[in-house]
Amino acid sequence: MPLGSRMLLLLLFCCGGSARAPNGDLTVRPTCKPGFSEDDYTALVSQNIMEGQKLLKVKFSGCSESKGIQYETDNLDFKKGKKNTSADLLQQPSDTLLPWRHQQNSHGLRRQKRDWVIPPINVPENSRGPFPQQLVRIRSDKDSEIHIRYSITGVGADQPPMEVFNIDPVSGRMYVTRPMDREERASYHLRAHAVDMNGNKVENPIDLYIYVIDMNDNRPEFINQVYNGSVDEGSKPGTYVMTVTANDADDVTTANGMVRYRIVTQTPQSPSQNMFTINSETGDIVTVAAGLDREKVQQYTVIVQATDMEGNLNYGLSNTATAIIMVTDVNDNPPEFTASTYSGEVPENRVEVVVANLTVMDRDQPHSPNWNAVYRIISGDPSGHFTIRTDPVTNEGLVTVVREVDYEMNRAFMLTVMVSNQAPLASGIQMSFQSTAGVTISVTDVNEPPYFPTNHKLIRLEEGVPTGTALMTFSAVDPDRFMQQAVRYSKLSDPANWLNINATNGQITTAAILDRESAYIKNNVYEATFLAADNGIPPASGTGTLQIYLIDINDNAPELQPKEAQICEKPNLNVINITAADADIDPNIGPFVFELPSVPSAIRKNWTITRLNGDYAQLSLRIMYLEAGVYDVPVIVTDSGNPPLFNTSVIKVKVCPCDENGDCTTVGAVAAAGLGTGAIIAILICIIILLTMVLLFVVWMKRREKERHTKQLLIDPEDDVRDNILKYDEEGGGEEDQDYDLSQLQQPESMDHVLNKANGVRRVDERPVVAEPQYPIRPVIPHPGDIGDFINEGLRAADNDPTAPPYDSLLVFDYEGSGSTAGSVSSLNSSSSGDQDYDYLNDWGPRFKKLADMYGGGEDD
């Protein structure tokens, strides 16, 4: 640090002891301990300090009057000062440390070079003031020479939280402005600055450390309000149960934050009121007494208290929490049968039948491994006919038949059973003699069905045996040895109805010849099923299957294949490959012999057979040319059976002209099919007649459609409107609609909206607004025969009308108006008869010329 002046820090201390506050309250006198007021004293020493200047005050308390106390120092640089009576030192302590004069040399005093060190400032939290409250005064030794301004910076001054501390810029006194909260902030680091009136730095900044002294203003808070723990029943003392934890926001390094635990109450207080204890420092709860029994007490509720001030109930703050301790079950109670013997009954040949229910009692926790029962059969069932299953709800043992029992073999069973738990018994617990019991099971006799000792009986037999041949005796056995019953036999399945069975002794005879080639044979085996029934109450029956393997004999002659073929009329490479099919099996089939019969002689003259191998041969023409047609060629085929069988088969051969590739031509194929020229001509004539009939029908339909269109009164709107009648719509029922009302052609009731229109060009569908001649008015319900008279009268009135438009304009005969109730005028169409003469329309004037041309003698369109 460079030489120069340093700031001097004067600390203001408050005196202890008993005193009455201004408001009259008494403060508590702390316990007196002899010794210095501080363990260490620190002072800021300027490098230019003068000898004899007061530096530091130390204080020693002897718990009595301070007279007679002597102060000494082992540092020769300082000495104990005496009381100064000068006026400017009246307020200074009587005991201070002053710099000591050292031996001088030619350069002046010999001093050590040191930095300013300012001790921390301690401020108690939750102070009641008054505020602002002075903490310290900062002073530079240059304030006697120049005016100095003091300031502080840092958190709590010019940084959030703002203005917790401030300083008098002139005197250098620093104040705290409000109560402090250590739990909000435990310390502050500020920097003090000294500048002249121009803002120039006078001294280097010094660090100020302010510590908030903790007060016991926070209760311990448990992390959880309710703690859950468990301990096994029968646990020894000292067994760990659980840990509860409480935190105190106060300083844990002081008694304010040192928490201690204790158990306040225990519920229930059985078997002892002190079953648990708690470690006062760690909060660990352990058992302290024996006798935990879940079957008596399943849960304990313990109220735990946490107190700070190291557990001092007079000064400390407390809080409580609840610890719920569950006593967990251990398998300390073996299961016991409620009875020593049980009994049941089961019918023979039944499985999955419950024959007895075994009940047990277990005082352990239900539906746990310590309670769930496991049953075992110790003796009495060497063949494994029974098992014992546990009912998961009631814990009962269900003795169940899993293998059929036979009354004829065992009429009763004496079982010895034992019960245990899924979990092993706790250490030191022995099985009870009541964990075993006896079970007596009686077997009842039932009528059992007869059975065939050899079911699916297989015998071998040649096919073709005569009817009535005895094959075997297929008998059944009745297992009911203690019942005198008769067994009768019958057929259950005989697909070909080839067999009979004797109802008394079960002898099987043939009812027809057995044919191996029948459709009822599968892989040379014929299968039939027979029924054996006794006369018990109720009767019982069993089935047996007889399988007959039929040995093949040569009883089927071979058949030639194919039955039809095609060949060219001239011999070439085009030949017919033939073979044979035999329903028998080896050795009664091939090789086959193919030959042509000698009669008629033309067969061998025209055809020849060439053998290829044992199964195939070739049929071809012997002569150079054969007329096209269909020929029946007989071929004799002989098999290799013993004795051999032969068959004369006929093959239809179509002989036809062929092209260069050896294929039959179309004409040749027709000729070969046997159709002559006359047949072909007849077919063509039939086709022409059919086409002519279709053409006539089409022409007749078109003419009828044309007549229907030419008889319409109105033409299409696309035609020229001059001298034509426009057909706006057709809503009537057609020509059959003759019952129409001509009153709808009369003038509308109101034409005001038309009469009020201005003169000028008007629409052809509007009524004239000038005086018009009176057109004839028809009766309300005219007779249909008056239509011609009505039209003639209207025509004459129109021809004589001076206000009518030019002849080439559309003439409006009547106006129906908006919303008119007029019906369809389609019924005015002419009759459907085509014999009516329309030449009279030429006399109606030029306006009906077009109509006369359409329906009169005009040209057809």
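Residues numbered from 1 in each chain as written. Predicted model: local features only at pLDDT ≥ 70, side-chain atom pairs only at ≥ 80, totals over all residues. Heavy atoms only, no water.

Enquirer: Can you walk me through the overall build of the chain in this structure?
Expert: Check the secondary structure of the chain and you find six helices and 46 strands. In the chain, which comprises 861 residues, the proportion classed as buried is 33%. In the chain, of all internal contacts separated by at least 6 residues, the share reaching a separation of at least 24 is 66%. When the accessible surface of the chain is totalled, it reaches about 52,400 Å², and 52% of it is carbon and sulfur. (Helix = DSSP H or I, 4+ residues; strand = E, 2+ residues; numbered from the N terminus. Buried < 20%, exposed > 50% of the residue type's maximum accessible area, 1.4 Å probe, protein only. Contact = heavy atoms within 4.5 Å. Areas by Shrake-Rupley, 256 points an atom, 1.4 Å probe, with all protein chains shown as cover.)

Enquirer: So what exactly am I meant to see when it comes to the nonpolar core here?
Expert: Generally speaking, nonpolar side chains in soluble globular proteins are found buried as a group. Of all hydrophobic cores here, the largest spans 25 residues; its most connected members are Ile 152, Phe 165, Met 174, Met 180, Leu 190, Leu 208 and Ile 210. Going through the elements one at a time, strand S7 (121-124), strand S8 (133-140), strand S9 (148-154), strand S10 (165-167), strand S11 (173-176), strand S12 (187-196) and strand S13 (201-213) are the ones with two or more residues in this core. Here this core gets five residues from one element, more than from any other, and that element is S13. (Core = buried A, V, L, I, M, F, W, Y, C linked by side-chain atoms within 4.5 Å.)

Enquirer: Sorry if this is basic, but what is going on with the sheet that holds strand S45 (residues 629-638) here?
Expert: Strands belonging to one sheet form pairs held by backbone hydrogen bonds; the direction of such a pair is parallel or antiparallel. Taken in spatial order, the four strands make up an open sheet running S40-S46-S45-S42, and their pairing is mixed. The open sheet has two edge strands with one neighbour each: strand S40 (564-568) and strand S42 (593-595). For this sheet, the mean angle separating the axes of adjacent strands, direction not counted, is 35 degrees. Bridging between S42 and S45 involves three bridges; their strand directions are antiparallel. Note that in S45 the partner of Glu 595 across the bridge is Ile 636. (Pairing = 2+ DSSP bridges. Axes fitted to C-alpha atoms, helices over the stretch in contact; angles between N-to-C directions.)

Enquirer: What is the right way to look at the environment of Thr 610 in this model?
Expert: In this fold, Thr 610 is placed in strand S43 (residues 607-611). Taking the C-alpha atoms as reference, Thr 610 lies 8.6 Å from Phe 594; in sequence the two are 16 residues apart.

Enquirer: I'm lost on the packing of aromatic side chains in this one. Help?
Expert: Each pair of aromatic rings is reported with the distance of its centres and the angle of its planes. Here the structure, examined in full by the defined rule, presents twelve aromatic pairs. Centre to centre, the rings of Phe 337 and Tyr 375 are 6.1 Å apart; their planes meet at 45 degrees, and the pair counts as tilted. You can see Phe 337 sitting in strand S23 (residues 336-337) and its partner Tyr 375 sitting in strand S27 (residues 373-379), a full 38 residues away along the chain. Owing to a relative accessible area of 7%, Tyr 375 belongs among the buried residues under this scheme. Aromatic pair Phe 697 and Trp 700: ring centres 6.2 Å apart, planes at 35 degrees, arrangement tilted. Of the two residues, Phe 697 and Trp 700 are both situated in helix H3 (residues 677-710); the distance of three residues between them amounts to about one turn of the helix. Sitting above the plane of the Tyr 188 ring, Arg 185 keeps its charged end 5.3 Å from the centroid. (Phe/Tyr/Trp six-rings, centres within 6.5 Å; stacked < 30°, edge-to-face > 60°. Lys NZ or Arg CZ within 6 Å of the ring centre and 35° of its normal.)

Enquirer: Sorry, what's going on with the side chain of Thr 608 here?
Expert: Within the fold, Thr 608 resides in strand S43. For Thr 608, the contacting residues outside a window of four places in its chain are Leu 596, Gln 618, Leu 619, Ser 620, Leu 621 and Arg 622.

Enquirer: What is the right way to look at the side chain of Asn 331 in this model?
Expert: When you line up the elements, Asn 331 lands in the loop between strand S22 (318-328) and S23. Among the residues examined, Asn 331 registers a relative accessible area of 2% and is labelled buried. A distance of 3.3 Å separates the side chain of Asn 331 from the side chain of Asn 421, its partner in a polar contact. Those residues in contact with Asn 331 that lie beyond four places of it in its chain are Asp 364, Asn 370, Asn 421, Ala 423, Pro 424, Leu 425, Ala 426 and Ile 429. (Polar contact = N/O pair within 3.5 Å; in protein donor to acceptor, adjacent residues only side chain to side chain.)

Enquirer: For this particular structure, what's the right way to read the state of the cysteines?
Expert: Here a disulfide denotes a covalent bond joining the sulfur atom of one cysteine to the sulfur atom of another. A full pass over the atoms with the stated rule returns two disulfides. Covalent S-S linkage joins Cys 568 and Cys 658, the inter-sulfur distance amounting to 1.8 Å. Looking along the S-S bond of the Cys 568-Cys 658 disulfide, the torsion reads about -105 degrees, which is the left-handed sense. Here Cys 568, found in strand S40, pairs with Cys 658, found in the loop between strand S46 (646-656) and helix H2 (666-672); they are 90 residues apart in sequence, far enough to count as distant. Residue pairing for Cys 656: its cysteine sulfur links by disulfide to Cys 664, the two sulfurs lying 1.4 Å apart. What makes Cys 664 partly exposed here is its relative accessible area of 22%. (Disulfide = S-S within 2.5 Å.)

Enquirer: Explain the pattern of salt bridges here, please?
Expert: Any two side chains of opposite charge can pair if their charged atoms end up close together. One pass over the full model with this rule turns up 14 salt bridges. For the salt bridge of Arg 182 with Glu 183, the shortest nitrogen-to-oxygen distance reads 3.5 Å. The exposure class assigned to Glu 183 is partly exposed, which follows from its relative accessible area of 27%. Members of the salt-bridge network, linked through shared partners, are Arg 182, Glu 183 and Asp 214. (Salt bridge = Lys/Arg side-chain N within 4 Å of Asp/Glu carboxyl O.)

Enquirer: What is the right way to look at the sheet that holds strand S20 (residues 284-287) in this model?
Expert: Taken together, the three strands give an open sheet; going across it, the order is S16-S20-S19, and neighbouring strands pair in antiparallel fashion. Taken across any chain shown, the strands that pair with only one partner, and hence form the sheet edges, are strand S16 (240-243) and strand S19 (276-278). Sheet twist, expressed as the mean angle between neighbouring strand axes with direction ignored, is 25 degrees.

Enquirer: So what exactly am I meant to see when it comes to unusual backbone geometry here?
Expert: Trans is the prevailing form of peptide bonds, just as negative phi is the prevailing case for residues other than glycine. Along the chain, Gly 129 connects to Pro 130 via a cis peptide bond; the corresponding omega equals 5 degrees. Val 599 connects to Pro 600 through a cis peptide bond whose omega is -5 degrees. The residue Pro 600 is located in the loop between S42 and helix H1 (601-606) in this model. Phi angles above zero are rare outside glycine, and Glu 163 is one such case at about 60 degrees. Checked against the element boundaries, Glu 163 lands in the loop between S9 and S10. Phi at Asn 349 is positive, roughly 65 degrees, even though this residue is not glycine. Structurally, Asn 349 is set in the loop between strand S24 (341-347) and strand S25 (354-358).

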